[in-house]
Amino acid sequence: MVPDHVPTLESDRVRLRAWRLEDAPVVQAVADDPLVPLITSVPTSGTLDDAEAFVRRQQGRLDEGSGYAFAIALADTDEACGHIGLWTRHLDDGRVTLGYWLAPAHRRRGLLTEALAALCEWALTFDEITRLDLFVEPWNEGSWRAAEACGFEREGLLRNWQRVGDEPKDMYVYARTR
């Protein structure tokens, strides 16, 4: 049975934990990213109030039935550097969807791969989860390389799958199964 709280998951360099209001600066750090606010609920304003509202939304995801929202934090300092979520909309069918982002200063260091691996290992301990899905933009090589490093297989290209800004965009679909 999946838990009724957001646990803390540890690996060598990252800690996945519940969001805290003091994590707002990492949300502000991605407000002007060219992609993150377009495909997530990260606000584009960069204000502290809007960043804290984002954090509060993440804190309520499990209670509203959306799934588990984790801050990705550096294990040695506990400083938030990104976000990863396990979304349970299709849990009754055995499927969950994962999504993630990292602040620019923390990219290309393997932190996302480590966070994704930790979340996958945890998720697959639950009998009701038999499939993990990821949807990745074809140009986002860093993201799909992280997925492949964590045992995900590319299953195909979904044309016009997700609206990014005002345009429907193609997405690779990746899956990892039990």
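Scroll up for the structure.
These remarks concern the structure in this document.

Analysis parameters
- Residues numbered from 1 in each chain as written.
- Predicted model: local features only at pLDDT ≥ 70, side-chain atom pairs only at ≥ 80, totals over all residues.
- Heavy atoms only, no water.
- Phe/Tyr/Trp six-rings, centres within 6.5 Å; stacked < 30°, edge-to-face > 60°.
- Helix = DSSP H or I, 4+ residues; strand = E, 2+ residues; numbered from the N terminus.
- Buried < 20%, exposed > 50% of the residue type's maximum accessible area, 1.4 Å probe, protein only.
- Lys NZ or Arg CZ within 6 Å of the ring centre and 35° of its normal.
- Pairing = 2+ DSSP bridges.
- Contact = heavy atoms within 4.5 Å.
- Axes fitted to C-alpha atoms, helices over the stretch in contact; angles between N-to-C directions.
- Right-handed = clockwise from strand over helix to strand, strands pointing away.
- Polar contact = N/O pair within 3.5 Å; in protein donor to acceptor, adjacent residues only side chain to side chain.

1. With respect to the packing of aromatic side chains
And step 1. Tallied over the entire structure, the rule returns 9 aromatic pairs.
And step 2. Look at F54 and W101: their rings are 6.3 Å apart centre to centre, the planes differ by 55°, and that puts the pair in the tilted class. Here the residue F54 occupies a position in helix 3 (residues 48–60), and W101 occupies one in strand 5 (residues 95–102), the gap between them amounting to 47 residues. By the burial criterion, F54 is buried, and W101 matches it.
And step 3. Taken together, the ring pairs in this structure connect Y68, F70, W122 and F126 into an aromatic cluster.
And step 4. In this structure, R154 packs its charged tip against the face of W144, placed 4.7 Å from the ring centre.
And step 5. Over the face of the ring belonging to Y172 we find R154, whose NZ or CZ atom lies 3.7 Å from the ring centre.

2. Observations regarding the sheet that holds strand 1 (residues 9–10)
And step 1. Reading across the sheet, the 8 strands line up as 1-2-3-4-5-6-8-7 and stay open at both edges, with mixed pairing between neighbours. Of all the strands in the sheet, just strand 1 and strand 7 (153–164) have a single pairing partner and so form its edges.
And step 2. When strand 7 meets strand 8 (residues 167–177), the two strands line up antiparallel, connected through 8 bridges. Bridging from a neighbouring strand, R154 pairs with Y174 of strand 8.
And step 3. Against the sheet, helix 5 (residues 141–149) engages strand 5, strand 6 (131–136), strand 7 and strand 8, with an angle of about 15° to strand 8.

3. Here's the deal with the pairing of strand 6
And step 1. As paired elements, strand 5 and strand 6 share 3 bridges and run parallel to each other. Each residue of the ladder has a partner; that of T97, found in strand 6, is D133.
And step 2. Considered for its hand, the β-α-β crossover made up of strand 5, helix 4 (residues 111–123) and strand 6 is right-handed.
And step 3. Pairing of strand 6 with strand 8, which is carried by 6 bridges, proceeds in the antiparallel orientation. Across the sheet, residue L134 finds its bridge partner in strand 8, namely Y174.

4. As for the side chain of R176
And step 1. Tracing the chain through its elements places R176 in strand 8.
And step 2. Within the structure, R176 has its side chain in polar contact with the side chain of E121 (distance 2.7 Å).
And step 3. In this structure the side chain of R176 is engaged in a polar contact, spanning 2.8 Å, whose partner is the backbone oxygen of C150.
And step 4. Those residues in contact with R176, other than ones at most four positions away along the chain, are C120, E121, L124, T130, R131, L132, C150, G151 and F152.

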